[in-house]
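# Structural features, examined
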Amino acid sequence: MSAPIYNRVALIGLGLIASSMAHAMRADGLAGEIVGHAKSDETRKVALQIGICDRVYATAAEAVQGADLVVLAVPVGAMAAIAAEIGPHLAPGCTVTDVGSVKQAVIAAVAPFIPQGVHFIPGHPMAGTEYSGPRAGFATLYKNRWWLLTPDEATDAEALARLRSLLQAMGAKVDTMDAAHHDLVLAVVSHTPHLIAYTMVGVADHLAQVSNSEVIQYSATGFRDFTRIAASDPTMWRDVFLTNKEAVLDILGRFTEELFVLQRAIRMGDGDQLFDYFTRTRAIRRGIIEAGQDTSAPDFGRVPAVAVDAKA
Ligand code: NAP
């Protein structure tokens, strides 16, 4: 067991991301105590039942009192109202971070409510599953995954180092970057791929109605991974697209252009072009495995790991 890095951590929102943080902090004694708040009675009750919180509160304002770390782990669209509520109740010297998948919009929503003497350090764990809620969390979610922080020039170095040490102790690899750059990178590696998965599953759904569900029956191919991604939480993803609009539209425009290039190659029977294109993309996949961000196991090695962990 390590010495606690924070005395009292307040988790606002008790879903997959917060619950996984709680499990990881508990596993290694990284927080003196963990308190929490979620919107519904049911989620607060479950959080106590499964032991991710020592105490839960009916309001976010009560939950943050006396905390030296506050983690905003609600959907991006709910951040502003929560920040307005907790602002006057934050303890001097405490750190507020968030885990929102979009950074510029969250900073615009939260920063105006952070009082002098409180450190706001925006963040985003690059880890998740398609499951939601407090029961979906597990201690190893962040192991060897990137956790991006987007501090600015005014960020207190000591507060940043302390937060970094917590995230690293939970197994994450921490990097810092500019918020606008974060949003563009995420539009490429996460947001647009999710939109494509949602669309592909939607297309297949229409098709299923004219082909007696063959799409479902034979889905043990690439399509199955699309359905896994397209099962992700609708509230979270609605908010991501509404708040990272510009970057997603930029990447979608580029995607559409590439799609037309491939469409033309297929129409013209240009096998060389298709082969070259797929050779380049295969190299990217190899790079991801070499960087330790996925496994080369068939089926991405995900099915047993995620299904067992997430339901634990
Ligand atoms: P989740 O499992 O759906 O949990 C969301 C939690 O927020 C629930 O406890 C919910 O309470 C609570 N909540 C929602 N609106 C609230 C409000 N107005 N006031 C108080 N509590 C509220 O979501 P998650 O996957 O943990 O995602 C949380 C954040 O992490 C999001 O900002 C998301 O963008 C980010 N993120 C997610 C992933 C991922 O893959 N899931 C990855 C990286 C970052 P109830 O249960 O009572 O409704």
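Everything numeric here is computed off the predicted structure, so don't read it as measured data.

### Overview of the domain arrangement of the protein
- As far as domains go, the protein holds domain 1 (6-177) and domain 2 (181-301).
- Here the C-alpha centre of domain 2 lies 30 Å away from the C-alpha centre of domain 1.
- Taken residue by residue, the interface counts 20 residues in domain 1 and 19 residues in domain 2.
- For the domain 1 and domain 2 pair, buried surface summed over both sides reaches about 1,500 Å², with 58% attributable to carbon and sulfur atoms.
- The tally of links between domain 1 and domain 2 comes to 1 salt bridge.
- For E130, the salt bridge goes to R228, with nearest N and O atoms at 3.6 Å.
- On inspection of domain 1 and its partner domain 2, the count reaches 6 residue pairs in polar contact (both at pLDDT 80 or more).
- Where the side of domain 1 that touches domain 2 is concerned, the elements lending two or more residues are α5 (104-110) and β8 (146-149).

### Description of the pattern of salt bridges
- Scanning the model with the defined rule gives 11 salt bridges in all.
- Salt-bridge contacts for R238 lead to D239; the nearest nitrogen and oxygen are separated by 3.0 Å.
- The class of R238 is partly exposed, set by a relative accessible area of 49%.

### Details of the site of the ligand
- The immediate surroundings of the ligand are formed by 27 residues, with S40, T43, V74, S101 and G133 found nearest.
- K39 has a polar backbone atom sitting 3.3 Å from a nitrogen atom of the ligand.
- Between V74 and the ligand, the recorded distance is 2.7 Å, taken from a backbone N or O atom to an oxygen atom.
- Starting from 900 Å² of accessible surface for the ligand in isolation, the protein chains cover 85%.
- Taken together, the elements giving at least two residues each to the shell around the ligand come down to α1 (16-27) and β7 (123-125).
- Across the shell around the ligand, the residue classes break down as 14 nonpolar, 12 polar and 1 charged.

### Some points on the nonpolar core
- Ranked by size, the top nonpolar core spans 39 residues in total, and within it L11, M25, Y142, W147 and M170 carry the most contacts.
- Of all elements in the fold, only β1 (6-12), α1, β2 (31-37), β4 (69-72), β8 and α6 (157-169) reach the threshold of two or more residues within this core.
- By residue number, the principal contributor to this core is α1, which donates 7 residues.
- Ranked by size, the runner-up nonpolar core spans 25 residues in total, among them A10, A60, V76 and C94.

### Some details on the environment of D41
- When you line up the elements, D41 lands in helix α2 (residues 41-49).
- The class for D41 is exposed, based on a relative accessible area of 59%.
- Engagement of the side chain of D41 in a polar contact is seen with the side chain of R44, the distance being 2.4 Å.

Scoring rules and cut-offs
Numbers given for residues are sequential positions, taken from 1 along each chain in its written order. Only residues with pLDDT of 70 or above have their local features reported here, since the model is predicted, and side-chain atom pairs are shown and tallied only from 80 upward, although totals for entire chains, interfaces and linings are computed over all residues. Water and hydrogen atoms play no part in the side-chain values, which are based on all heavy atoms of the structure. For the purposes of this description, domain bounds are those given by an automatic or database domain assignment. Contact definition: two residues touch when any of their heavy atoms are within 4.5 Å. By buried area we mean how much accessible surface two parts lose on assembly, using a 1.4 Å probe and totalling the loss over both. Salt bridges are defined as contacts in which a side-chain nitrogen from Lys or Arg sits within 4 Å of a carboxyl oxygen from Asp or Glu. Pairing of N or O atoms within 3.5 Å defines a polar contact, subject to two protein rules: one partner must be a possible hydrogen donor and the other a possible acceptor, and residues neighboring in sequence count only if both atoms are side-chain atoms. Strands here are runs of E lasting at least two residues and helices are runs of H or I lasting at least four, both read from the DSSP assignment and numbered beginning at the N terminus. Exposure categories follow from relative accessible area, calculated using a 1.4 Å probe and restricted to protein chains: below 20% of the type maximum is buried, above 50% is exposed, and the middle band is partly exposed. Each residue is tested against the molecule or strand, and it is near if at least one of its non-hydrogen atoms lies within 4 Å. In short, Shrake-Rupley with a 1.4 Å probe defines the accessible areas, and a residue's cover is counted only from the protein chains shown. Throughout, the ten residues Ala, Val, Leu, Ile, Met, Phe, Trp, Tyr, Cys and Pro are labelled nonpolar, Asp, Glu, Lys and Arg are labelled charged, and all others, Gly among them, are labelled polar. Within this scheme, the nonpolar core is defined by two criteria: the residues are buried Ala, Val, Leu, Ile, Met, Phe, Trp, Tyr or Cys, and they are joined through side-chain atoms within 4.5 Å.

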